[in-house]
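Each chain is listed here by its residues.
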Amino acid sequence: MSHQRQDAINQDDPLFTARRVGEMPADERPRERLKRLGPGPLKTSELLAILLRTGTASLSVLDVAERLEREFSSLKNISNAEIDELARTHGIGPVKAIELKAALELGRRLAGHTDEARRTITKAQDVVAEVLDMVTLPVEEFRILLLNTRNQVICQRTISRGTLNGSLVHPREVFRFAISQGSNSLICVHNHPSGDPSPSDDDLAITRRLVEAGKLIDIQVLDHVIIGSGRVVSLRDRGLM
């Protein structure tokens, strides 16, 4: 793999203008954006900046990450580069190069997992098996399970905590994440700490709203499962959606 390194900082290039992450608005910092939005919407440079953690006296960590991405042209080239190649990039060094290689290797191994390792959802009890921790939660929590075309779980995401209502569970938040993960469909799931999983009027209204929003962007809401104490209600099985 060949690439051209730039040992001198071009001060006229805005790419290399030092931007201290601590001086950025809190909601624009890579760590805060990932915490708020999940990893999907973040740029590659932002994810790299989180791994790198610190910059140099002349470059912020975002500048170092952008420079790394620019010099190697693609994430694949960064992943395939030798440790000493990465270490020669301004602001990296051998320790960060090793940490980058380790993180990217984990990603490579995860990508190599077959679909057979993923759980297939066919009934409400399969959903419960994915979210067993929700059975004993002291507060109400709303999550989504994102599925591929085989109804296998890609990942899950917590959308809200607290008493369920339309303001806490907005279609924008639900489907923004589903789109970023390439989801084909999704299942909603939340718990009733009272132990009674009977759906409330708010539960039904939120479900209808999400189903209609999903139709507009071709991501089907397959079910809404409510977990109680030893009991589970599937709105799909009850014909309520």
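Everything numeric in this text was worked out from a predicted model, so none of it was measured. (Residues numbered from 1 in each chain as written. Predicted model: local features only at pLDDT ≥ 70, side-chain atom pairs only at ≥ 80, totals over all residues. Heavy atoms only, no water.)

Student: Even after reading the chapter, I still don't get the overall build of the protein chain, so can you show me in this structure?
Tutor: In terms of helices and strands, the protein chain carries nine helices and five strands. In the protein chain, the succession of α and β elements from N to C terminus is α-α-α-α-α-α-α-β-β-α-β-α-β-β. Counting the 241 residues in the protein chain, one finds 41% classified as buried. For the protein chain, contacts bridging at least 24 residues in sequence account for 62% of all contacts bridging at least 6. When the accessible surface of the protein chain is summed, it comes to about 13000 Å², and 50% of that surface belongs to carbon and sulfur atoms. (Helix = DSSP H or I, 4+ residues; strand = E, 2+ residues; numbered from the N terminus. Buried < 20%, exposed > 50% of the residue type's maximum accessible area, 1.4 Å probe, protein only. Contact = heavy atoms within 4.5 Å. Areas by Shrake-Rupley, 256 points an atom, 1.4 Å probe, with all protein chains shown as cover.)

Student: Would you take a moment to explain the confidence of the model for the protein chain for this structure?
Tutor: Reading predicted coordinates in detail is not appropriate for stretches of low pLDDT. Averaged over the protein chain, the pLDDT score is 85; the fraction of residues at 70 or greater is 85%. Segment residues 1–18 is flagged for pLDDT under 50; beyond a separation of four residues in sequence, or across chains, it makes 36 contacts in the model. (pLDDT = per-residue confidence, 0-100.)

Student: I would appreciate a short explanation of the nonpolar core in the present structure.
Tutor: A general tendency of soluble globular proteins is for nonpolar side chains to be buried together. The biggest cluster of nonpolar side chains holds 18 residues, and the ones touching the most others in it are Leu48, Leu52, Leu68, Phe72, Ile78, Leu86 and Ile92. Residue assignment for this core shows that the elements contributing at least two residues are helix 2 (44–52), helix 3 (61–72) and helix 6 (93–111). Looking at this core, the element that brings in the most residues is helix 3, giving six residues. Ranked by size, the runner-up nonpolar core spans 17 residues in total, among them Phe177, Ala178, Cys188 and Val211. (Core = buried A, V, L, I, M, F, W, Y, C linked by side-chain atoms within 4.5 Å.)

Student: Even after reading the chapter, I still don't get the pairing of strand 1 (residues 141–147), so can you show me in this structure?
Tutor: In regular strands, side chains alternate between the two faces of the sheet. Among the seven residues in strand 1, seven count as buried, and that is most of the element. Bridge analysis of strand 1 against strand 2 (residues 153–161) gives seven bridges, and the strand direction is antiparallel. Counted as the bridge partner of Phe142 is Ser160 from strand 2. Counted along the chain from strand 1 to the antiparallel partner strand 2, the turn is five residues long, and its residue Asn151 has a positive phi close to 60 degrees. One ladder, built from six bridges, connects strand 1 with strand 3 (residues 185–191); its direction is antiparallel. Counterpart to Leu147 in the pairing with strand 3 is Ser185. (Pairing = 2+ DSSP bridges.)

Student: Even after reading the chapter, I still don't get the environment of Thr120, so can you show me in this structure?
Tutor: Considering the arrangement of structural elements, one finds Thr120 in the loop between helix 6 and helix 7 (124–130). Separated by 28 residues in sequence, Thr120 and Asn148 place their C-alpha atoms 9.5 Å apart. Excluding residues within four positions of it along the chain, Thr120 makes contact with Asp126, Arg150, Asn151 and Gln152.

Student: Help me understand the sheet that holds strand 3, please; the structure alone is not making it clear to me.
Tutor: Within a sheet, neighbouring strands are paired by backbone hydrogen bonds and run either parallel or antiparallel to one another. Read across the sheet, five strands follow the order 2-1-3-4-5 without closing on themselves; strand pairing throughout is mixed. Each edge of the open sheet carries a strand with a single partner, namely strand 2 and strand 5 (232–234). Recorded for the sheet is a direction-independent mean angle of 20 degrees between the axes of neighbouring strands. (Axes fitted to C-alpha atoms, helices over the stretch in contact; angles between N-to-C directions.)

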